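Below are the chains, spelled out letter by letter.
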Amino acid sequence: MRGLSEPKNPPAFQIHKRSRRIFGLSREEAIRAFFGGQALVAVVVLALITVFLFREGFGFFAQQRAELTRYRRSGVEFVDLLRAQEKAHGELGRRLGLRGEAADRFADAIVPLRALLGELGEWALEIKESEESRADGAPTRFGEVAEITAQYPKIEDTFGELTAQLGTITESSPGLSPEQRAQLEKHLSGFGATLAKLRAWDAEKPVSGWQAARSFFFGRQWLTASFWQDFYGVVPLFTGSLLVSAIALGLAVPLGLGAAIYVSQIAGARERSVIKPAIEFIAAIPSVVLGFFGIAVLGQALRALSQVEWLAWLPGFPYAERLNALTAGCLLALIAVPTIFTLAEDALASVPRALKEGSYALGARRMQTVARVIVPSALSGMVSAVLLGLGRVIGETMVVLLCAGNRIAIPDFSAGLGVVTQPVHTMTGIIAQEMGEVATGTIHYRALFVVGLLLFLIALTLNYSAQKILGRYRLPSLR
Amino acid sequence: MKNPLRLLSFLAAGFALTAIAPALQAQKLVIKGSDTLGAKLVPTIAEDYRALNPGRSFEIAAEGSSTGIAALISGTADIGMSSRRARPAELSNGAAKGVTLRPLIVCYDGIAIIVNAANPITTLTKRQVEQVFTGDLRSWDDLGSGAASGPISIYTRNTASGTYADFKALAMNKRDYAPSSQKLAGNEQIVAEVAANPNGIGYVGLAYINAPGVKVVAIEGDLPSKESVLANRYPYARPNFFYTNGEPQGEAARFIDYVLSEAGQQVVERVGFVPVR
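Residues numbered from 1 in each chain as written. Chains lettered and ligands numbered in written order. Predicted model: local features only at pLDDT ≥ 70, side-chain atom pairs only at ≥ 80, totals over all residues. Heavy atoms only, no water.

Test applied: UniProt positions are given in the numbering used here, feature names are shortened, and annotations may be inferred rather than shown by experiment.
Going by what an unreviewed UniProt entry lists, chain B is known as Phosphate-binding protein and is assigned to Cephaloticoccus capnophilus. Heading Sequence similarities (unreviewed entry) of the UniProt record for chain B holds this comment: "Belongs to the PstS family." Annotation of chain B in UniProt includes, under Function (unreviewed entry), the sentence "Involved in the system for phosphate transport across the cytoplasmic membrane."

Taking an unreviewed UniProt entry as the reference, chain A is identified by name as Phosphate transport system permease protein belonging to Cephaloticoccus capnophilus. Per UniProt, the comment on chain A under Function (unreviewed entry) is "Part of the binding-protein-dependent transport system for phosphate; probably responsible for the translocation of the substrate across the membrane." Listed in UniProt under the heading Sequence similarities (unreviewed entry), the comment for chain A reads: "Belongs to the binding-protein-dependent transport system permease family. CysTW subfamily."

**A closer look at the interface of chain B and chain A**
Reports often express the size of an interface as the amount of accessible area lost when the parts come together. Our working rule: Only heavy atoms enter the contact rule, under which two residues are in contact if any of them lie within 4.5 Å. Defined in terms of a 1.4 Å probe, buried area is the accessible area two parts forfeit on being brought together, summed over both. Take a side-chain nitrogen of Lys or Arg and a carboxyl oxygen of Asp or Glu: if they are within 4 Å of each other, that pair is a salt bridge. Here a polar contact means two N or O atoms within 3.5 Å. Within protein one must be a hydrogen donor candidate and the other an acceptor candidate, and residues neighboring in sequence count only if both atoms are side-chain atoms. Helix and strand assignments follow DSSP, with helices taken as H or I runs no shorter than four residues and strands as E runs no shorter than two, numbered in order from the N terminus.
The interface is formed by 33 residues belonging to chain B together with 28 residues belonging to chain A. Of all residues in chain B, the largest losses of buried area upon contact with chain A belong to Thr159, Gln182 and Lys183 of chain B, amounting jointly to 21% of the total for that side. Our enumeration of links across chain B and chain A arrives at 2 salt bridges. A salt bridge links arginine 322 of chain A to glutamate 193 of chain B, with the nearest nitrogen and oxygen atoms 2.8 Å apart. At the junction of chain B with chain A, the criterion picks out 15 residue pairs in polar contact (both at pLDDT 80 or more). Secondary-structure elements contributing two or more residues to the side of chain B that touches chain A are helix H4 (65–74), strand E6 (153–157), helix H7 (162–171), strand E7 (182–184) and helix H8 (187–196) of chain B.

**Comments concerning the pattern of salt bridges**
Operational definition: Only protein chains enter the area calculation, which uses a 1.4 Å probe; residues under 20% of their type maximum are buried, those over 50% are exposed, and those in between are partly exposed.
Inspection of the entire model under this criterion finds 32 salt bridges over all chains. Its salt-bridge partner being lysine 276 of chain A, residue glutamate 280 of chain A comes within 3.3 Å of it at the nearest N-O pair. In this pair, glutamate 280 of chain A and lysine 276 of chain A are both assigned in helix H11 (residues 269–282), 4 residues apart and thus about one turn of the helix distant. The class for glutamate 280 of chain A is partly exposed, based on a relative accessible area of 32%. Of the charged contacts in the structure, one is a salt bridge between lysine 226 of chain B and glutamate 269 of chain B, with a shortest N-O distance of 2.9 Å. With a gap of 43 residues between them, lysine 226 of chain B in helix H9 (residues 226–230) and glutamate 269 of chain B in helix H11 (residues 262–271) connect regions that are remote in the sequence.

**Section: the domain arrangement of chain B**
Residue and element names in this part refer to chain B. Stated precisely, the cut-off is as follows: Note that the domain bounds were set by an automatic or database domain assignment.
Per the domain assignment, the segments of chain B are domain 1 (28–108 + 239–271) and domain 2 (112–235). Distance from the C-alpha centre of domain 1 to the C-alpha centre of domain 2: 27 Å. At the junction of the two partners, domain 1 supplies 15 residues and domain 2 supplies 16 residues. Both faces considered, domain 1 and domain 2 share a buried interface measuring about 1100 Å² in area, 46% of it formed by carbon and sulfur atoms. Linking domain 1 with domain 2 are 2 salt bridges, by the criterion used here. On the surface where domain 1 and domain 2 come into contact, there are 10 residue pairs in polar contact (both at pLDDT 80 or more).

**Quick notes on the pairing of strand E11 (residues 237–245) of chain B**
All names here are of chain B. Put simply, the test is: Whether two strands pair comes down to DSSP finding at least two bridges between them.
Taken together, the 3 bridges between strand E3 (residues 79–82) and E11 define a ladder with antiparallel strand orientation. Counterpart to methionine 81 in the pairing with E11 is phenylalanine 242. Both strand E4 (residues 101–116) and E11 contribute to a ladder of 9 bridges, which runs antiparallel. Within E11, the position partnered with glycine 110 by the bridge is alanine 237.

**What to know about the packing of aromatic side chains**
Residues and elements named next belong to chain B. The criterion, for reference: Ring pairs shown here join Phe, Tyr and Trp side chains whose ring centres sit within 6.5 Å, with only the six-membered ring taken for Trp; geometry is labelled stacked below 30 degrees between planes, edge-to-face above 60, and tilted in between.
Under the defined criterion, the tally for this structure stands at 28 aromatic pairs over all chains. Both rings, one in tyrosine 49 and one in tyrosine 258, keep their centres 5.6 Å apart while their planes meet at 55°; by these two values the pair is tilted. With a gap of 209 residues between them, tyrosine 49 in helix H3 (residues 41–52) and tyrosine 258 in helix H10 (residues 250–260) connect regions that are remote in the sequence. The two residues tyrosine 49 and tyrosine 258 agree in class, both being buried.

**Examining a nonpolar patch on the surface**
Residues and elements named next belong to chain B. Under the convention used in this document: Only residues whose relative accessible area exceeds 30% and that form no salt bridge enter a patch; like-charged residues are grouped when within 9 Å of one another, and nonpolar side chains (Val, Leu, Ile, Met, Phe, Trp, Tyr) when within 5 Å. For the accessible areas, the method is Shrake-Rupley and the probe is 1.4 Å, while residue cover comes only from the protein chains on display.
Together, Leu5, Leu7, Leu8, Leu11 and Phe15 make up an exposed nonpolar region whose accessible area comes to about 540 Å². Structurally, leucine 7 is set in helix H1 (residues 4–25). Leucine 7 gets classed as partly exposed once you look at its relative accessible area, which sits at 39%.

Here it is in C-alpha cells:
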C-alpha cells in the first residue's frame, strides 16, 4: 500500500507518516532481498566449490601424462616389465608350495634375474631422478636408455637359464602333482610373450592423455612416497568404498525399512513415540565418536565373536585383524539407519489415506494392506531413501579412517563372502590420511583432488537419481 | 537499532579485540610434524620449558614428518619435527617459496620391530625383515621353527610418517611395502594393534617398546637400546631432526637451546630416546 499515490487531502488532514525505508527499499522489499540474498549466496558458494574442485583436479591429468612420459623415457617402465616377471616367479612359488630342496632350488633360480634387475633398476632410477632435478637447458640422460634396452640379449640369456633351471626342478622332483607341473608349464610358456614385449618396447612412444586418464580410473595400484615410482590408481580405493558401503547397506536397509514400516503402519501411538525419537537420536552421535567406539570396543568384540568355535562355518570367520571392512560397515550401518528410516517413514506416511481405506473396504486384512498396497505405493520414496543413505555412507570419512584397516589393495574376492573381514582403504579415508603431507600444486595434491571430484560426482548422481525416482512415481493426491 | 551509536561501539570493541589477539599470540610456538617426536617427547619437554618460563604457549601437532616439513614450507609452523631427512623435492619446493630448510639433530632413535607377546620368535635376520615387510614371505611358518603359524599381519605407519620412509631405506632396501600392509596413523596405534593380533608384526620408535602385550625382536642378536644405537650395532638407528626456516630465531631458538641443553637431553633419555651426547 505504501508507495501508491495517495489521494490529496486538505492540508489539515494530510498524512505525514514517513514510511521506513532501509537503503532505499521498503520493509517488504528489504525482507525479500535479505532471504533472496541468502539463497543466492548458497548457490554461488556451491558453484564456487564445484569450479574449484574441477580446476584443482583437472591439472592432474596433464601432470600424470608428463609423469608417465618420464616413466617411459627413463627406462623405468622397461625395468618394471622385467620386475613383473620376478613377481610372477614369487607368486608361482607360493602357489606350488614346494618344500625342502626343490624350494631352495626354486628360490635360487630367480637370483640371476634379480641381480640383473637390481643393476638395470638403479641405472633407470638414476636417469629418472636426474631428469627430475635437471635445470632447464642442461643435457638429458635419456640417451642412456638405449644402452639399457641394448641389454636385451643378456635378458634373453637370463630367461633361458631360468627356463633350464625350472626344467631341472620339474624333472628331478618326482613328488610333483600333475597340476603343479601344469602350472609350471603355463608359467614357462608365458616367457615368450614377456620377451616379445621387452623387444617391442619403445622409449619414445608418446603417452596419450587417454592413457593418463586410464592410469587413474583403472589403475590397480595406489602407491605414494615410493623410492621407485608413484602410481595413482583409484580402483583399490573405489572397491574399498563400495565394499564398506555394501556391508553398511546390507545391514541398514532391512533394519531401516523394517523399522519404518513397523513404526508407520503397525506400531501403536505409544510405541511410536518411543521408537521414532530413539532412532532419530542415533543421527545425533558424532561420527568420530562412533569411530572411536569402533576401535575401542566393536573391533575387539567382533573378532572375539569370530573366534567362537561354533561360528566357524560363517565365511571369513575366524579372522585376525580387528580393523577391517566389517567393523567399519557395522558402524556405517548405524549411521545410515536414521537417514533411511526418516525418509522411508515420510514416504509411507504420505501414501493417501484413500488407498488404505479402499483396501480395508474391499476386505483386506491389515498385513495384506501393508504388504500389497501401502509399501508398493511408497516404494519410490523408500528407494530414494536407500539411495540417500548410500550417499551418506559413501561420503563418511572419520569412521572408515579409524576402523577400516587402511590396507591399500584390492580386496581378495576369491574368498567369496569372506571378503568382508579383510581390511580395506576408501576414497574418503585416503584424502583424510594424505592431505596433510602434500604440498600445493604437486601431482599427489591434484590426485587427491580428483579422488574428491569422483566422490562429488558419485554423491551428485545418487542424489539426482533419488530426486528423479521420487518425482517420477509420486502418486497424485486423492482427496 | 534504536541507537546507531551502540552498534558502532560494539564494532569498535570487536576491532580492538582482534588487534590485541596477535599480540597475545606472539608468545605461542607452533611445532608440527613427526609422530615419533611429537606424541611423547616434545610435549614433555614443552611442559618442562613452560614450568621454567611461564607465559609461553605451545601448539604441537604430530601428524607425520611430511606434514611438519610441508607446514614449515607453507609458513604455518615455526619448527618442523621430522624423523627423516628432507627429500630433494621438498628442499627445492622450499627454495622455490623462499624457505631454507635447516636441520638440527635433537636425538637419536632406533626403530624396533615388535611382535605379539604370545609369538615365540625372538630374533630375525635383516634379510627376513626385508622379506616380511615387502611381502615376499607371507606366513609365519616360512620363518622357520620357533615362530607362530598363520598369515603375517603387517602394521606400518602411513605415507605422512618419517619412520615409514626411514624404515624403507634402512630395512627394506628401498623396496615398496607389501600391498597387504595396514597403514596406521601413529606409534601407539601400531602397539595397540600388534598387542591385539597374535599374527601381528610392526615397527615403532624406542620410546614405545615398553607396552604390555608386545615384545621386541632382536635383529641378528642385537636388541635396540641406547647402548646398541650409540655403538652403531643396531642396524635401524637414525637421527631425529628439528627443521627451521634458516637459523632459528627468537622463541624457537630459545626452545631449541633448551632441548639441546643438559636438562632437555635428560628428558630425552627419560622418555626413551638416545641423547645426542
